[in-house]
Amino acid sequence: MLNFVHSIPTKIYFGKGQISHLAELLKPYKSILLAYGGGSVKKSGLYDEIMGILKEEGCKVTELSGIEPNPRIESVARGVKLCKENGVDAILAVGGGSTIDCSKAVASGVYFEGDDLWSMVKERKTPPKALPLFVILTISATGSEYDGGGVISNMTTNEKIGASFTFPTASICDPTYTFSVPKYHTAAGAADIMSHIMEDYFSRTPDSDLADGICETVLKSVIRNLPVALAEPDNYEARANLMADSSIACSGIPRYGKQASGWVCHGMEHQLSAYYDITHGVGLALLTPRWMRFILKKDPGCEWRFVRFAKNVWGLEGEDEHALALAGIDALENFFRENGIPMTLTELGIGTEHFADMAEKANFGGRMNNAFVPLTREDIIKIYEACL
Ligand code: NZQ
Ligand code: ZN
């Protein structure tokens, strides 16, 4: 097991009715930026409930609405401007990873000196200070409610970049708010949760029992609960398990004591989103099994991990270890397909035209050289091709 240092300053309020804490959380603040996406919060009634609480507290409310899935730098700039113009002293983000990530970048961006906010993201020039950020989570997926990172897109340069901004001060995670998430985004979110776990699970460190146990438990929980949530969208237990899985998966806890693995599927997926604006979890779902088959072939020395994955996650058995390793990968691919995720780039209307550029950017600065199985630009192109 390797050394590690870890701290998560975010306070989680988990469960039905936890919005009852919102007023006390926001009490010290007078001017709130209320950030949300394309309108799901209005349809669900959550917006009215929150506005009622903010009004009762006498807060001045400024709205940053219309934050896109795969949030763009223009929305960050809009939010920073609103904060400065309205003397905002705290941000309340209501939504999923896109709204939360944009809000994190706004919270930091307010203290960024200069106008080029994209350089804050791209060159990792996050200021040491940020506005306090509060979150009300409405979809189980990214774990942005419990980490300090955010991913921002610049569609004019086809770049999507993750950076460290700020942790939420507190996140209200009420599973009932996810009852209205459509099937497509429920499944994509689940694939994202699984990917966060698998990015850490497939590591060279063989003896980090706690981390591996957490990884396997979260994966089995998603495998058990996603089909239930799709069949019964208002099944509280299924939605609650997925929400708890979401927060833990990207928290850093599942890699306690483990060698960094490079998060290569995320690196490759961010290029797909940057060029084609696709749903993050869908890109991950279709890339992951193809990446797995590729690395297993490239470095059979990693087979032991896949055997453990097949046995402990999918409950598979067999004498032939290679067959077992492949069966675990097939089980993952079938699971995604059975739960309605498009599993080819062709289904998404994506061809080979940008593969070379995407592979170049995914491996920028040789970031895949120290992956679980190191990948070259040519390897990445082959993985994209396997997804067609
Ligand atoms: O925009 P609205 O109208 O709210 O609709 C959203 C959006 O269309 C909808 N939705 C959310 N909650 C809903 C709902 N619809 C009905 N009822 C609800 N309760 O779902 C759609 C997707 O929302 P989005 O916020 O984009 O999803 P997600 O949480 O998957 O976030 C994706 C973004 O997060 C980044 C991704 O790259 C992507 O940009 N990530 C952030 C990470 C982080 N901060 O740690 C890590 C991840 O790996 C990921 O990269
Ligand atoms: Zn992700």
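Residues numbered from 1 in each chain as written. Chains lettered and ligands numbered in written order. Predicted model: local features only at pLDDT ≥ 70, side-chain atom pairs only at ≥ 80, totals over all residues. Heavy atoms only, no water.

A. Molecular detail of the overall build of the protein. In terms of helices and strands, the protein carries 15 helices and eight strands. On C-alpha atoms alone, the protein measures out to a radius of gyration of 20 Å, which is about the 21 Å that the 2.2 N^0.38 rule sets for 388 residues. With the C-alpha coordinates of the protein rotated into their principal frame, the extents come out at 65 × 45 × 45 Å. The buried share among the 388 residues of the protein stands at 58%. (Helix = DSSP H or I, 4+ residues; strand = E, 2+ residues; numbered from the N terminus. Rg over C-alpha atoms; globule rule 2.2 N^0.38 Å. Buried < 20%, exposed > 50% of the residue type's maximum accessible area, 1.4 Å probe, protein only.)

B. Highlighting the coordination of the zinc ion (ligand 2). Note on the zinc ion (ligand 2): its protein donors are Asp192 (OD), His196 (NE2), His266 (NE2) and His280 (NE2). The metal-donor distances range over 2.0 to 2.2 Å. Mapped onto the sequence, the donors of the zinc ion (ligand 2) take the spacing D-x3-H-x69-H-x13-H. Of the two residues, Asp192 sits in helix α7 (residues 183–201) while His266 sits in helix α10 (residues 264–276), which places them 74 residues apart along the sequence. Accessibility expressed as a relative area gives 2% for Asp192, which makes it buried. By relative accessible area, which is 7% here, His266 ends up buried. (Donors = N, O, S within 2.8 Å, 3.2 Å for Na, K, Ca; no water.)

C. View of the site of ligand 1. Neighbouring ligand 1 are 32 residues, the closest being Ser40, Gly97, Ser98, Asp147 and Lys160. At 2.8 Å, a side-chain N or O of Thr138 approaches a nitrogen atom of ligand 1. Between ligand 1 and Ser144 there is a distance of 3.2 Å, counted from a nitrogen atom to a side-chain nitrogen or oxygen. The protein chains hide 88% of the 960 Å² of surface that ligand 1 would expose on its own. Those elements that place two or more of their residues in the shell around ligand 1 are α5 (97–109), β6 (149–154), α7 and α10. (Near = heavy atom within 4 Å. Polar contact = N/O pair within 3.5 Å; in protein donor to acceptor, adjacent residues only side chain to side chain. Areas by Shrake-Rupley, 256 points an atom, 1.4 Å probe, with all protein chains shown as cover.)

D. Helix α12 (residues 303–312), seen in detail. Every buried residue belonging to α12 is among Glu303, Arg305, Phe306, Val307, Phe309 and Ala310, and all of these are buried. On its buried face, α12 sits against α7, α8 (209–231), α11 (280–298) and α13 (321–338). (Contact = heavy atoms within 4.5 Å.)

E. Structural view of helix α4 (residues 73–86). Here α4 is 14 residues long and its end C-alpha atoms lie 20 Å apart, about the 20 Å a rise of 1.5 Å per residue gives. The inward-facing, buried residues of α4 contact β2 (31–36), β3 (60–64), β4 (90–95), α5, α6 (117–122) and β6. After α4 finishes, the residue Gly87 shows a positive phi value of roughly 55°. (Expected span 1.5 Å × (residues − 1).)

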